[in-house]
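So the chains spell out like this:
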2 protein chains.
Amino acid sequence: MNRSAAEDMDRRDPLAPMRDRFAIDADGPIYMDGNSLGRPPKAVLEAVTGGLADWAGRLVGGWEDWIDLPAAVGDRLGRLLGAGPGQVLVCDSTTVNIYKLASAALAARPGRPVIVGDAADFPTDRYVLEGLAASTGRRLHLLGPGTDDETGAGAEAICAAIDDRCALVCLSHVNYRSGARLDVAAITERAHAHGALVLWDLAHSAGSVPVELDRWGVDLAAGCTYKYLNSGPGAPGFLYVRRDLQADLRQPIWGWFGRARQFEMAAGYEPAAGPASFLTGTPGVLGLLAVDASLQVMEDAGIDALWAKSQQMTRLLVDLADDRLAPLGGRVVTPRDPDRRGAHVSVAHPRAWAWCRTLIDRHLVVPDFRTPDVVRLGPAPIYTRYVDCYDAVELMAGLLAGGLDPVTGSRRVT
Amino acid sequence: MNRSAAEDMDRRDPLAPMRDRFAIDADGPIYMDGNSLGRPPKAVLEAVTGGLADWAGRLVGGWEDWIDLPAAVGDRLGRLLGAGPGQVLVCDSTTVNIYKLASAALAARPGRPVIVGDAADFPTDRYVLEGLAASTGRRLHLLGPGTDDETGAGAEAICAAIDDRCALVCLSHVNYRSGARLDVAAITERAHAHGALVLWDLAHSAGSVPVELDRWGVDLAAGCTYKYLNSGPGAPGFLYVRRDLQADLRQPIWGWFGRARQFEMAAGYEPAAGPASFLTGTPGVLGLLAVDASLQVMEDAGIDALWAKSQQMTRLLVDLADDRLAPLGGRVVTPRDPDRRGAHVSVAHPRAWAWCRTLIDRHLVVPDFRTPDVVRLGPAPIYTRYVDCYDAVELMAGLLAGGLDPVTGSRRVT
């Protein structure tokens, strides 16, 4: 594998023109952290700017349109996630959404004392579950760390942990650290066979990996829009509640946006029909406009094409890492089986933190560090080139071979 | 009172130059709904646009600065609310914040079976309390509607309802509908005398009415930034937790932003020190930048000057309404005592809805309708002119005298 082969792949890439739809500083470092914060689509910048103009021009009258955004943008996002209309909302943050969904699920499974999660999952998921376990008197069973703790518990270990005492199974579709991808349908089926509900965190799969919420029989899901959905720092989260569960599930934050006939402002809470009872307070309009505009760009690319390119990119990164980084102490921790990984590749190294910091400080590559020893490479197939992957690994290898800068301080990146 | 007197007041108004700091369409209708959605300060438009550029340029590296915004902008907002540093956060929505604060308060007062609120308060406050009463097995005692239900229960009725069974008193500083303002210090003192905690909703006072959270001994407070704080549709909410309560109060949404040493991403939730344990998930950066920029404009005006002008404006509106609207069936429901009202004036009329709709449809005046029969006039002293108040009432009187349009449909405005 040499650079011209990567250039060749770019020339043949049907998604190559999508890169022009993004605002990209040509002199910047190679950006391999699209799975932490995606780059801005030009259409999103225009949509937010347009939202500001709308605010100035229409003032409070703008709410006639804005009020429907959580559901309308949710429906649009639902199409990307294999969810029919009336099941997805864009609102609040991922954390608040997981809290609402998990609370509702636990209330619907009284008498079942266990929540199953994964010790390798993203912290906010684990913490929310821990809080709910404490407040509802349940036991949080976090799988792992086991033989393969770097990638999270596998489907077998998870399925073995689910039994009739289980109220809720809450897992990440794609592990934030290792990139390991779980078989959602199989685990969901196992949970349902035992009467448990499932809640899937899609933060690292929405917009990169095919998701079929309806077809997989998923009960609940949540995620964010600032990674592969490119909607900006802290853009709103989303949630999915399967249609036939909506009438029975009740979330605990009874806000005015979740009430039937909201503008009657009447006495007594009465949950709205459909997924709307999972709304809480006034939604952030600029964030919703950003998500809406970004989804247009995703639709123009098509999730199948994105996934096809993503698979080629992760294969390329694994091959390059084996070839160039392994001799220097780098070790691929992402599953080598393409059917078991998502859209990013993680490389463990004893000096991962110094490696990462030096790459960033010298404006060479922006990867992401995950404690204690992992460097994550998250190419976004919609704007990342194969040659970026090639150059990134070359630069990473060059640094390892040539020596890293001494670094101090703590890294703080979402 | 004639128009030239109002023009005279504008000429003498020391805040008159502030109007130029806002993006205002000179041909638009008279905007009297600043207490629903404030107008955009030019500095806010620039700050959001700058945030977009920062996203494009710094990408994930921007988080080095963004991560501190909830606390930093909170401290800045705290100065406007009489709160010392380390007690205010800008985060989530008002609804989610009231939920977190009220939950924490109830957990800190076990064995006390009553929550006191006001039936005339904003719906989301009542609904959140109703949900928490149900989930914690408490009774929600909503005061009123009584002899004076249009303005909300008065301080006397509220104080009489507080006793040793009370866990939490949750009230609005300024009533969203009538504009009635409560004596926060007196009610807080009464609650404390009985061992209850207080939670004040400042949505209709922050940025218009002087607030002295520390001096008044307030325990908890929350509010929004899109009304008198002019930070845009759905801009983030805020919350206040008094310093000496922070170590003991625990809110139920255990997210990664609320954990000590967040980026260790370690096992087990451990609440962060200070107010940060009341953070949840990733905050919306554009909204925080908007609030920050808007606070600069508020600081340049000064809350004392804003309040002085606001009092003159509400007096003018009450006088004009008595003079021009009362003969046509309009009735001021805002307290006539200036010490008992906030920054807006409400006028009841049997055809309030049609009146409001016609004013908006004909592009004359944008007031706000509050069910069933109230038209709210919310001048924002930072950009509204006295002559706007005069003209608005003239136009409103003219319509009532000349006949309203027939209207259909439902009104949906936050």
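Please read these numbers as outputs of a predicted model, since none were measured by experiment.

Asks: How would you sum up the overall build of chain A? Please name residues and give values.
Replies: Assigned secondary structure in chain A consists of 12 helices and 13 strands. Against the globule reference of 22 Å for 414 residues, chain A gives a C-alpha radius of gyration of 22 Å, in line with a compact fold. Over its C-alpha atoms, taken along the principal directions, chain A stretches across nearly 70 × 55 × 40 Å. The proportion of buried residues among the 414 residues of chain A is 64%. For chain A, the proportion of contacts with a sequence separation of at least 24, taken over those separated by at least 6, is 72%.

Asks: Lay out the sheet that holds strand β2 (residues 88-90) of chain B with the relevant residues and their values.
Replies: Within a sheet, neighbouring strands are paired by backbone hydrogen bonds and run either parallel or antiparallel to one another. Residue and element names in this part refer to chain B. Taken in spatial order, the 7 strands make up an open sheet running β2-β8-β7-β6-β5-β3-β4, and their pairing is mixed. Taken across any chain shown, the strands that pair with only one partner, and hence form the sheet edges, are β2 and β4 (139-143). When the angles between neighbouring strand axes are averaged without regard to direction, this sheet yields 15°. Pairing between strand β6 (residues 197-201) and strand β7 (residues 220-224): 3 bridges, direction parallel. Counted as the bridge partner of W200 is A221 from β7. On the sheet, helix α8 (residues 184-193) packs against β5 (166-172) and β6 and is oriented at approximately 155° with respect to β6.

Asks: Run through the side chain of T334(A), naming residues and quoting values.
Replies: Residue and element names in this part refer to chain A. Among the secondary structure elements, T334 is positioned in the loop between β9 (331-332) and β10 (345-348). Only 2.7 Å separates the side chain of T334 from the backbone nitrogen of S346, close enough to count as a polar contact. Once you skip the residues sitting within four places of it in the chain, T334 turns out to touch S178, G179, R341, H344, V345 and S346.

Asks: So, the interface of chain B and chain A: which residues are in play, and what are the values?
Replies: The interface of chain B with chain A comprises 73 residues on the first partner and 73 residues on the second. On inspection of chain B and its partner chain A, the count reaches 2 salt bridges. For E64(A), the salt bridge is made with R357(B), and the minimal N-O distance between the two is 3.9 Å. For the pair chain B and chain A, the number of links is 23 residue pairs in polar contact (both at pLDDT 80 or more). Broken down by secondary-structure element, the contributors of at least two residues to the side of chain B that touches chain A are α2 (42-58), α3 (63-66), α5 (94-107), α6 (123-136) and α9 (285-301) of chain B. The greatest single-element share of the side of chain B that touches chain A, amounting to 8 residues, is contributed by α6(B). Grouping the constituent residues of the side of chain B that touches chain A by class yields 41 nonpolar, 19 polar and 13 charged.

Asks: Outline the packing of aromatic side chains, supporting the account with residue identities and numerical values.
Replies: This model, assessed by the stated rule, comprises 19 aromatic pairs over all chains. Here F122(A) and Y176(A) contribute two aromatic rings whose centre-to-centre distance is 5.0 Å and whose plane-to-plane angle is 90°, an arrangement assigned as edge-to-face. Of this pair, F122(A) sits in the loop between β3 (114-118) and α6 (123-136) while Y176(A) sits in the loop between β5 (166-172) and α8 (184-193), and the two are 54 residues apart along the sequence. Among the aromatic residues, ring-to-ring pairing joins F122(A), Y176(A), W256(B), F257(B) and F263(B) into one connected group.

Asks: Quick one: what's the story with the pairing of strand β4 (residues 139-143) of chain A, residue by residue and with numbers?
Replies: Residue and element names in this part refer to chain A. Where β3 and β4 come together, 5 bridges link them in parallel fashion. Paired with I115 across the bridge in β4 is L140. The parallel pair β3 and β4, bridged by α6, forms a crossover whose chirality is right-handed.

Asks: Lay out the pattern of salt bridges in plain terms, naming residues and giving numbers.
Replies: The full count for this structure, using the stated rule, is 54 salt bridges over all chains. A salt bridge links D244(A) to R242(A), with the shortest nitrogen-to-oxygen separation between them at 2.6 Å. For D244(A), a relative accessible area of 52% puts it in the exposed group. We note a salt bridge from D391(B) to R3(B), for which the minimum N-O separation is 2.7 Å.

Asks: So what about the sheet that holds β10(A)? Which residues, and what values?
Replies: Residues and elements named next belong to chain A. The antiparallel open sheet is built from 4 strands, whose spatial order is β9-β10-β13-β12. The sheet is open, and its two borders are formed by β9 and β12 (368-370), each paired with just one other strand. Here 3 bridges tie β12 to strand β13 (residues 374-377), and the two strands are oriented antiparallel to one another. Residue pairing in the sheet places D368 in a bridge with R376 of β13. Contacts from helix α10 (residues 303-325) reach β9, β10 and β13, with the element oriented near 20° to β10.

Asks: Let's hear about the relation of the copies chain B and chain A: which residues, and what values?
Replies: For the pair chain B and chain A, the relating rotation is 180°, the translation along its axis is 0.0 Å, and the fit reaches an RMSD of 0.0 Å. Overall, the copies show the geometry of a two-fold rotation axis. Interface overlap between copies is the fraction of interface residues in one copy that are interface residues in the other; for chain B against chain A it reaches 100%, indicating a shared surface.

Asks: Describe in detail the packing of helix α2 (residues 42-58) of chain A against α2(B), supporting the description with residues and values.
Replies: Interhelical geometry of α2(A) versus α2(B) gives an angle of 175° and a closest axis separation of 11 Å. One finds that α2(A) runs roughly antiparallel with respect to α2(B). Two secondary-structure elements touch here, α2(A) through V44(A), L45(A), V48(A), T49(A), L52(A) and W55(A) and α2(B) through V44(B), L45(B), V48(B), T49(B), L52(B) and W55(B). Residue classes in the contact of α2(A) with α2(B) are distributed as 10 nonpolar, 2 polar and no charged.

Asks: Run through the pairing of strand β3 (residues 114-118) of chain B, naming residues and quoting values.
Replies: All names here are of chain B. Of all the 5 residues making up β3, 5 are buried; the element is thus mostly covered by neighbouring parts of the structure. Judged by which residues are buried, β3 turns out to be covered on both faces: V114, V116 and D118 on one side and I115 and G117 on the other are all buried. As defined by bridge partners, β3 adjoins β5 across 3 bridges and the pair is classed as parallel. Looking at β5, one finds that I115 is bridged to L168.

Asks: Describe the packing of α2(B) against α9(B), and please don't skip the residues or the numbers.
Replies: Two quantities define a packed helix pair, namely the angle between the helix axes and the distance between the axes. Residue and element names in this part refer to chain B. The contact between α2 and α9 brings their axes to 8 Å, and the two run at 145°. Crossing of α2 over α9 shows right-handed handedness. Side by side, α2 and α9 meet where A43, V44, A47, V48, G51 and L52 of the first sit next to L286, L289, A290, A293, S294 and V297 of the second. When grouped by side-chain class, the residues that make up the contact of α2 with α9 number 10 nonpolar, 2 polar and no charged.

Asks: Would you mind going over the environment of E189(A) in detail, with residue names and values included?
Replies: Examined against the element boundaries, E189(A) turns out to sit in helix α8. Spatially, the C-alpha atoms of E189(A) and W216(A) are 8.3 Å apart, while their sequence positions differ by 27 residues.

Asks: So what's going on with the state of the cysteines? Which residues, and what values?
Replies: Residues and elements named next belong to chain B. Tallied over the entire structure, the rule returns 0 disulfides over all chains. Not engaged in a disulfide, the cysteine C170 finds its nearest cysteine sulfur in C166; these two sulfurs lie 11 Å apart. Residue C170 is classed as buried on the basis of its relative accessible area of 3%. Among the cysteines around C356, which has no disulfide bond, C389 carries the closest sulfur, lying 16 Å off. Owing to a relative accessible area of 0%, C356 belongs among the buried residues under this scheme.

Asks: Got a sec to walk through the confidence of the model for chain A? Specific residues and values, please.
Replies: When pLDDT is averaged along chain A, the result is 95; 96% of the residues meet or exceed 70. For this predicted complex, the interface confidence score (ipTM) comes to 0.96, while the overall pTM stands at 0.96.

Asks: Describe helix α4 (residues 69-80) of chain B, naming the residues involved and giving the relevant values.
Replies: Residues and elements named next belong to chain B. The terminal C-alpha atoms of α4 lie 17 Å apart, and with 12 residues this matches the ideal 16 Å at 1.5 Å per residue to within 8%. Among the residues of α4, L69, P70, V73, G74, R76, L77, G78 and L80 are the ones counted as buried. Count one or two residues on from α4 and you reach G82, which has phi positive near 65°.

Parameters at a glance
Residues numbered from 1 in each chain as written. Chains lettered and ligands numbered in written order. Predicted model: local features only at pLDDT ≥ 70, side-chain atom pairs only at ≥ 80, totals over all residues. Heavy atoms only, no water. Helix = DSSP H or I, 4+ residues; strand = E, 2+ residues; numbered from the N terminus. Rg over C-alpha atoms; globule rule 2.2 N^0.38 Å. Buried < 20%, exposed > 50% of the residue type's maximum accessible area, 1.4 Å probe, protein only. Contact = heavy atoms within 4.5 Å. Pairing = 2+ DSSP bridges. Axes fitted to C-alpha atoms, helices over the stretch in contact; angles between N-to-C directions. Polar contact = N/O pair within 3.5 Å; in protein donor to acceptor, adjacent residues only side chain to side chain. Salt bridge = Lys/Arg side-chain N within 4 Å of Asp/Glu carboxyl O. Nonpolar A, V, L, I, M, F, W, Y, C, P; charged D, E, K, R; others polar. Phe/Tyr/Trp six-rings, centres within 6.5 Å; stacked < 30°, edge-to-face > 60°. Right-handed = clockwise from strand over helix to strand, strands pointing away. Least-squares fit on C-alpha atoms with pLDDT ≥ 70 in both. Parallel < 35°, antiparallel > 145°, perpendicular 65-115°, else oblique. Left-handed = near helix turned anticlockwise from the far one by under 90°. Disulfide = S-S within 2.5 Å. pLDDT = per-residue confidence, 0-100. Expected span 1.5 Å × (residues − 1).

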